[in-house]
Amino acid sequence: MRRTPGQGTALETVPRLAGEPLVAAVAEVAATVLGPVAERTAVTGVPVTHLEALAGCGAYGLVGYEPPEGSGLTHGEVVREVHELLSAADPSTWFVHVQHFALVKALVKSPHTALRDRWLPELATGRKRSTAGFAYLRQPEPPVSARETDGGWRLDGRVPWMTGWGLADMAVLGAVAPGDRALFVRADCGPRARDGLVAVDSAPLWAMDGTHTSAVEIRDLFVPHEDVISLEPRTEWAHGYDLENANAQPAVFGHLRAAVDLLLATAPRAGAAYETLALRLAEQAARLRTEAYALRDEQPPEKEVAARTGIRAAALDLGVRAATACVAATGGRAVRYGDTAGRLAREALFHLVQAQTPGLREATADVTLRGVRPGRTPGGRDIGHRSTT
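Overview of the structure. (Residues numbered from 1 in each chain as written. Predicted model: local features only at pLDDT ≥ 70, side-chain atom pairs only at ≥ 80, totals over all residues. Heavy atoms only, no water.)

1. A word on the overall build of the chain
Within the chain, the regular secondary structure consists of 13 helices and eight strands. Relative to the compact-globule value of 21 Å for 389 residues, the chain shows a C-alpha radius of gyration of 21 Å, a close match. Overall, the C-alpha framework of the chain stretches about 70 × 50 × 45 Å when taken along its three principal axes. Sorting the 389 residues of the chain into buried and exposed places 52% on the buried side. Taking all contacts inside the chain whose residues are at least 6 apart in sequence as the whole, residues at least 24 apart take part in 73%. For the chain, the accessible surface area stands at approximately 16,900 Å², while carbon and sulfur atoms represent 55% of it. With 42 positive and 45 negative side-chain charges, the chain shows a spacing of 4 Å between the two charge centroids. (Helix = DSSP H or I, 4+ residues; strand = E, 2+ residues; numbered from the N terminus. Rg over C-alpha atoms; globule rule 2.2 N^0.38 Å. Buried < 20%, exposed > 50% of the residue type's maximum accessible area, 1.4 Å probe, protein only. Contact = heavy atoms within 4.5 Å. Areas by Shrake-Rupley, 256 points an atom, 1.4 Å probe, with all protein chains shown as cover. Lys, Arg positive; Asp, Glu negative; His and termini not counted. Charge placed at Lys NZ, Arg CZ, Asp CG, Glu CD.)

2. Digging into the pattern of salt bridges
Taken as a whole, this structure holds 20 salt bridges when the rule is applied. In this structure, the salt-bridge partner of arginine 343 is glutamate 39, at a minimum N-O distance of 2.8 Å. Taken together, the residues span a long stretch of sequence, with arginine 343 in helix α12 (residues 340-353) and glutamate 39 in helix α3 (residues 38-44) at a distance of 304 residues. Each member of the pair, arginine 343 together with glutamate 39, is buried. Three or more residues are tied together by salt bridges with common partners; here these are Glu81, Glu84, Arg257 and Arg289. (Salt bridge = Lys/Arg side-chain N within 4 Å of Asp/Glu carboxyl O.)

3. Some details on the packing of aromatic side chains
Scanning the model with the defined rule gives seven aromatic pairs in all. Plain terms: the ring middles of tryptophan 94 and phenylalanine 95 are 5.4 Å apart, the flat faces sit at 40° to each other, and that makes the pair tilted. Here tryptophan 94 and phenylalanine 95 have matching classes, each one buried. Arranged with centres 5.8 Å apart and planes meeting at 80°, the rings of phenylalanine 253 and tyrosine 293 form a pair that is edge-to-face. A residue pair is termed long-range when its members are at least 10 positions apart, and phenylalanine 253 in helix α9 (residues 250-270) and tyrosine 293 in helix α10 (residues 272-298) qualify at 40 residues. Across the pair, tyrosine 293 and phenylalanine 253 agree in class, each one buried. Arginine 80 extends its terminal NZ or CZ atom over the ring of tyrosine 293, reaching a point 4.3 Å from the ring centre. Across from the ring centre of tryptophan 119, 3.9 Å away, lies the NZ or CZ of arginine 118, which sits over that ring. (Phe/Tyr/Trp six-rings, centres within 6.5 Å; stacked < 30°, edge-to-face > 60°. Lys NZ or Arg CZ within 6 Å of the ring centre and 35° of its normal.)

4. Quick look at the packing of α10 against helix α11 (residues 305-330)
At a minimum axis separation of 10 Å, α10 and α11 run at an interaxial angle of 160°. Here α10 is positioned roughly antiparallel relative to α11, judged by the angle of their axes. For the crossing formed where α10 meets α11, the hand is left-handed. Contacts between α10 and α11 pair Tyr274, Leu277, Leu281, Gln284, Ala285, Leu288, Glu291, Ala292, Leu295 and Arg296 from the former with Ala307, Arg308, Ile311, Ala314, Ala315, Leu318, Arg321, Ala322, Ala325, Ala328 and Ala329 from the latter. Partitioning the contact of α10 with α11 into residue classes produces 16 nonpolar, one polar and four charged. (Axes fitted to C-alpha atoms, helices over the stretch in contact; angles between N-to-C directions. Parallel < 35°, antiparallel > 145°, perpendicular 65-115°, else oblique. Left-handed = near helix turned anticlockwise from the far one by under 90°. Nonpolar A, V, L, I, M, F, W, Y, C, P; charged D, E, K, R; others polar.)

5. Let's talk about the environment of arginine 346
Mapping arginine 346 onto the fold places it in helix α12. A C-alpha to C-alpha distance of 7.3 Å links arginine 346 and tryptophan 206, two positions 140 residues apart in sequence. The contact partners of arginine 346, leaving out residues within four places of it in the chain, are Trp206, Ala207 and Tyr337.

6. What to know about the packing of helix α4 (residues 48-56) against helix α6 (residues 91-109)
For the pair α4 and α6, interaxial distance at closest approach is 11 Å and the crossing angle is 65°. Considering the relative orientation of α4 and α6, their crossing is right-handed. Two secondary-structure elements touch here, α4 through His50, Leu51 and Leu54 and α6 through Thr93, Val96 and His97. Partitioning the contact of α4 with α6 into residue classes produces three nonpolar, three polar and no charged.

7. Some points on the pairing of strand β2 (residues 144-149)
Relative to strand β3 (residues 152-162), β2 is paired through six bridges, and the arrangement is antiparallel. Its bridge partner lying in β3, valine 144 is registered against glycine 157. Remark: two residues form the turn of the hairpin made by β2 and β3, two consecutive strands paired antiparallel; glycine 151 in that turn has positive phi of roughly 85°. (Pairing = 2+ DSSP bridges.)

8. Thoughts on the nonpolar core
One finds Leu155 and Leu173 to be the most contacted residues of the largest nonpolar core, which totals 43 residues. At seven residues, strand β4 (residues 170-177) tops the list of elements feeding residues into this core. Other than its neighbours up to four places away in sequence, leucine 173 contacts Gly133, Leu155, Val159, Met162, Leu183, Phe184, Val185, Ala187, Leu197, Ile218 and Leu221. Formed by 40 residues, the second largest nonpolar core is a distinct cluster that contains Ala285, Ala307, Ala315 and Ala363. (Core = buried A, V, L, I, M, F, W, Y, C linked by side-chain atoms within 4.5 Å.)

Right, dumping it as structure tokens:
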């Protein structure tokens, strides 16, 4: 039987999930296609064949996927397991892949049925791939603006980060429109891209540099009305964005599964203490994961926001400490590009800022300064001891 991330620890895939068809198919691709070349991918970049393999196993159909009737599994359980498996095996490919769903989710919610019907079928199969640029709309002065014109809108500005550039066929773009409104549009960015989207030179990333992330200038890009996804008050959008990102992300638990696996693999050389550490890290991560997912499943998004944010910060902190232990167990080799421990350390810091909100920034500082002690998190949830030794 093929090993899955975290196997033999509290983080392993539970049997009822392991046998689910989509989870099993994704686990196979992760183990045979993505994982074996993850270090090379992190340096040279995600190849299109990785994304084709994910399309072939059904991973692009996550948003509308429902587990087999009678399995007892929910949509959320399957989606989270898929993200954990992919981020544990190959975070670069996971991050390119996850950008795809921003447009899919936006289209599902869009009142423009013709736009939704035109693109969702191709996006759900992976025949078309997408990416995103809109998180900057939370800034006081967003770097992308829109003005209405005959037949549509014209956009100008600079997207600081667009992941999967050169791999995606289209993108969901956000711009601030008059009246402090958030405009979201679909735009081509592959071979059919208009002249208004241009990748520009930007500094290389010291973490997740294999994700084909580029700065993109938007130069008087015309978007017809038929490609407008939504237009809403920017404050309302930002509120929803913050609520969603208060939750701990499955990719962080995938990262922890990979770190635990590395510690167990290095323990025979590094010392038995690292096996003990790995198992305790897994137990603590599993407790955080259970609490985080229960909040997402059982409470509406606006409830217990501080608790969700505190748990997310604790999981991020745990990931940093787990990756630090991986570097210590590996030794000097970890500072070289191409080493798994060094990559895990860089990725742990990436997770600190990915989809970061002001609330998360404050909670991260609180966890770092005070640690997670027996009792309650900043949000009021009991998540146990910080100590893992």
